[in-house]
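Analysis of the macromolecular model
One letter stands for each residue in the lines below.
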Amino acid sequence: MRRKLTSIANGAVPLGFVVLLLVTWEYLVRWKAVQEWILPGPVLIARTLAGNLPLILKHTQTTLMECLAGFALAIVLSFILAFVMDEVPLLRRALYPLLIASQTVPIISVAPLFIIWFGYGIMPKIIVVILVCFFPIALSLLGGLAAVDREYLELFRSMKATRLDIFRMVKLPLALPSFFSGLKIAASYSVMGAIIGEWLGAKAGLGMYMTVAQRSFQVDRVFAAILTITALSAALFALVALIERLVIPWNRLTEWRDS
Amino acid sequence: MPKVVAEGIKKTLGGVLTLQEINIEVEEHAIVGILGPSGCGKSTLFNIIAGLMRPDQGNVYIEGAAVTGNAGLASYMRQKDLLLPNLNVLDNVSIPLVLKGMPKKKARLEAEQHLSTFGLQGFENYYPSQLSGGMRQRAALLRTYLYASGIWLLDEPFASLDAITKRKMHTWLIQVLGQFQPTVLFITHDVDEALYLCDKIYVLSECPTVVKLEVEVPFSRPHHSHTIVDPAYGPVRDTIMDALSI
Ligand SMILES: Nc1ncnc2c1ncn2[C@@H]1O[C@H](COP(=O)(O)OP(=O)(O)O)[C@@H](O)[C@H]1O
Ligand SMILES: [Mg+2]
């Protein structure tokens, strides 16, 4: 009982702090310490968000679709690459440095190319999402596969398991926790990738909504978009975390304590 | 004819001559201990006998046939239980049957019959992380048994257990060995464990490793968990200790 109260109190402290911050912010704006067209107060932002909700939701839908499509394709590509690199050591040695080196190219700098090549539809956004998600996913998967204890492999070879058996029964399940840590990073990246793609030119999406609001100095709308994007990011992260709990339940079991 | 023979085994690992010349013979149904300092190549020798690794020279024979480099002829168990964390006990121990092509359901039924012998009854749905160290090793041994090769290579199977659990495992293992009559090679650091369980003991030297001593254990495996009081115990133990300490 006391522990429960403490944990509620622990949650209440940061929450109270946030409320205090919001109230201070609101009053600063009301006392004209800051101009409303530079920094609108939380109440106005909330009102804008509510008033524009149907429109914002429509744009959210587009962005979410780009995220999910890019995310899913990045997972598929990562699996193919990780499997091949893990099975063929020569390929691993050839590709691994390239994979790392490719990360020195900022995605933002190449994104305009995709707009030129593929136009203003959702395709170039999906490509940007794939690019930002691919690296953390592929690397975490490869790392997980490589970290599998050699003794497991020897044991399974001693039982005449085929390479496919070993990949399916041993390597993949043992690599899953590492894979999911990469997946959680990629989930937040995916939203960022889609927004950047939309900034560069789009027909729909939260990034496009944001640029339009920005050009007309509707700061309250920009804030509403920021809020929505943050929520979307958090939701995707939570979704991956939920799937992780479902897929690898054994990771959360209470350990036996020898005593 | 001996069941398992390793003849003139030589192996260089990473440029270091690890196994210089190893000759070992194991009679059918015998329990043979391998004692030796850490890093002398005991596990390497097992990998060679299990066919996971080829020796530079020498041969492995099983029932007289040369099987050097052929994997899958012996059941292998290590110090680490190597149970898969994502499978429950029953699915873990069924693995060798499934790998042999048995349908999952049938493999589970087959494995289930042995749970009580291995002290795992009622724990079939537990994940390995929920089991004690002793239970995990018993599950690993059940998996080894279900591979059904008749030859068990046990590489320090109880080395990570506390003294009391280890003692219980010995008593239990003797009963299991009596029931299934496998041919066993048993690596250990523990001289008393070797004397307690084995019919014959090989003592290996430091690298480059040769067989330093081969002794028949002059008393039979006890069917109780008490201290062995046979008068031959002290002298044999001293001979082994002397061979190990140089
Ligand atoms: N694959 C390998 N490549 C190079 N050196 C190895 C390899 N495996 C083991 N070794 C080395 O060979 C020696 C013998 O190892 P091992 O057979 O595990 O010894 P033991 O089981 O007797 O402790 C050790 O020094 C170890 O570091
Ligand atoms: Mg060893």
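1. Brief notes about the overall build of chain A
Counting secondary structure elements, chain A contains 10 helices and 0 strands. The order of α-helices and β-strands along chain A, N terminus first, is α-α-α-α-α-α-α-α-α-α. For chain A, the C-alpha radius of gyration of 23 Å lies well beyond 18 Å, the compact-globule estimate for 259 residues. A principal-axis box enclosing the C-alpha atoms of chain A has dimensions of 75 × 60 × 30 Å. Looking at the 259 residues of chain A, the share that counts as buried comes to 39%. Here the contacts in chain A between residues at least 6 apart in sequence split such that 72% fall between residues at least 24 apart. Within the structure as shown, chain A displays about 14,900 Å² of accessible surface, and the carbon and sulfur contribution to it stands at 72%. The centroid of the 23 positive side-chain charges in chain A is displaced by 5 Å from the centroid of its 14 negative side-chain charges.

2. Some thoughts on a negative patch on the surface
Residues and elements named next belong to chain B. A contiguous patch of negative charge, built from E7, E25, E27 and E216, is present on the exposed surface. By secondary structure assignment, the location of E27 is in the loop between β2 (16-26) and β3 (31-35). The class for E27 is partly exposed, based on a relative accessible area of 41%.

3. Observations regarding the sheet that holds strand β10 (residues 209-216) of chain B
All names here are of chain B. If you trace the 10 strands from one edge of the open sheet to the other, you get β5-β4-β1-β2-β10-β9-β3-β8-β7-β6, paired in mixed fashion. The open sheet has two free edges, formed respectively by β5 (65-66) and β6 (75-77), since each of these has just one partner strand. Contacts from helix α1 (residues 42-49) reach β1 (4-13), β2, β3, β4 (57-62), β6, β7 (151-155), β8 (183-188) and β9 (200-204) within the one sheet, and its direction differs from that of β1 by about 120 degrees. Contacting β3, β9 and β10, helix α7 (residues 233-244) crosses the sheet at an angle of about 175 degrees to β10.

4. Notes on the side chain of S233 of chain A
All names here are of chain A. In this structure, S233 sits in helix α10 (residues 219-247). Assessed through its relative accessible area of 17%, S233 is described here as buried. S233 has contacts with S188 and V191, leaving out every residue within four places of it along the chain.

5. Focus: the interface of chain B and chain A
The interface of chain B with chain A comprises 24 residues on the first partner and 22 residues on the second. Here chain B meets chain A over a buried area of about 2,400 Å², counting both sides, of which 63% is carbon and sulfur. Summed over the three residues of chain B that lose the most area to chain A, namely L52, L82 and L99 of chain B, the buried surface amounts to 24% of that side. Viewed at the interface, chain A and chain B are joined by 4 salt bridges. Ionic pairing is found between E154 of chain A and R78 of chain B, a salt bridge with its closest N-O pair at 2.8 Å.

6. Considering the packing of aromatic side chains
All names here are of chain B. Evaluation of the coordinates by the stated rule reveals 15 aromatic pairs over all chains. For the ring pair F118 and Y145, a centre distance of 6.1 Å and an interplane angle of 25 degrees mean the geometry is stacked. With F118 in the loop between α3 (104-112) and α4 (133-146) and Y145 in helix α4, this residue pair connects regions lying 27 residues apart in the sequence. Given a relative accessible area of 0%, F118 falls into the buried group.

7. Remarks on the site of ligand 1
Residues and elements named next belong to chain B. Residues in contact with ligand 1, as listed here, are L13, G14, T18, P37, S38, G39, C40, G41, K42, S43 and T44. Between an oxygen atom of ligand 1 and a main-chain N or O atom of C40, the distance comes to 3.3 Å. Contact between ligand 1 and T44: an oxygen atom at 2.5 Å from a side-chain N or O atom of the residue. Contact with the protein chains hides 57% of the accessible area of ligand 1, taken as 560 Å² for the molecule alone. With 3 residues, α1 is the largest single contributor of residues to the shell around ligand 1. The residue inventory of the shell around ligand 1, partitioned by class, reads 3 nonpolar, 7 polar and 1 charged.

8. Thoughts on the state of the cysteines
All told, the structure shown has 0 disulfides over all chains when counted by the stated rule. Take C198 of chain B: it sits in no disulfide, and the sulfur closest to it among the cysteines is that of C40 of chain B, at 15 Å.

9. Concerning the domain arrangement of chain B
All names here are of chain B. Partitioning chain B into structural domains gives domain 1 (1-74 + 150-246) and domain 2 (80-148). Relative to domain 2, the C-alpha centre of domain 1 lies at a distance of 25 Å. Taken together, the contact pairs 14 residues of domain 1 with 12 residues of domain 2. Around 1,100 Å² of area is buried between domain 1 and domain 2 when both sides are counted, 74% of it from carbon and sulfur atoms. Considering only the side of domain 1, the residues that lose the most area to domain 2 are W152, W172 and F180, jointly responsible for 43% of the buried surface there. Between domain 1 and domain 2 we count 0 salt bridges in total. Counting across the interface, domain 1 meets domain 2 through 3 residue pairs in polar contact (both at pLDDT 80 or more). If you list the elements that add at least two residues to the side of domain 1 that touches domain 2, you get β7 and α5 (163-180). Looking at the side of domain 1 that touches domain 2, the element that brings in the most residues is α5, giving 7 residues. Broken down by class, the residue content of the side of domain 1 that touches domain 2 amounts to 10 nonpolar, 4 polar and no charged.

What counts, and where the lines are drawn
- Residues numbered from 1 in each chain as written.
- Chains lettered and ligands numbered in written order.
- Predicted model: local features only at pLDDT ≥ 70, side-chain atom pairs only at ≥ 80, totals over all residues.
- Heavy atoms only, no water.
- Helix = DSSP H or I, 4+ residues; strand = E, 2+ residues; numbered from the N terminus.
- Rg over C-alpha atoms; globule rule 2.2 N^0.38 Å.
- Buried < 20%, exposed > 50% of the residue type's maximum accessible area, 1.4 Å probe, protein only.
- Contact = heavy atoms within 4.5 Å.
- Areas by Shrake-Rupley, 256 points an atom, 1.4 Å probe, with all protein chains shown as cover.
- Lys, Arg positive; Asp, Glu negative; His and termini not counted.
- Charge placed at Lys NZ, Arg CZ, Asp CG, Glu CD.
- Patch = residues over 30% accessible without salt bridge, like charges linked within 9 Å, V, L, I, M, F, W, Y side chains within 5 Å.
- Salt bridge = Lys/Arg side-chain N within 4 Å of Asp/Glu carboxyl O.
- Pairing = 2+ DSSP bridges.
- Axes fitted to C-alpha atoms, helices over the stretch in contact; angles between N-to-C directions.
- Buried area = accessible area lost by both parts, 1.4 Å probe.
- Phe/Tyr/Trp six-rings, centres within 6.5 Å; stacked < 30°, edge-to-face > 60°.
- Near = heavy atom within 4 Å.
- Polar contact = N/O pair within 3.5 Å; in protein donor to acceptor, adjacent residues only side chain to side chain.
- Nonpolar A, V, L, I, M, F, W, Y, C, P; charged D, E, K, R; others polar.
- Disulfide = S-S within 2.5 Å.
- Domains from an automatic or database assignment.

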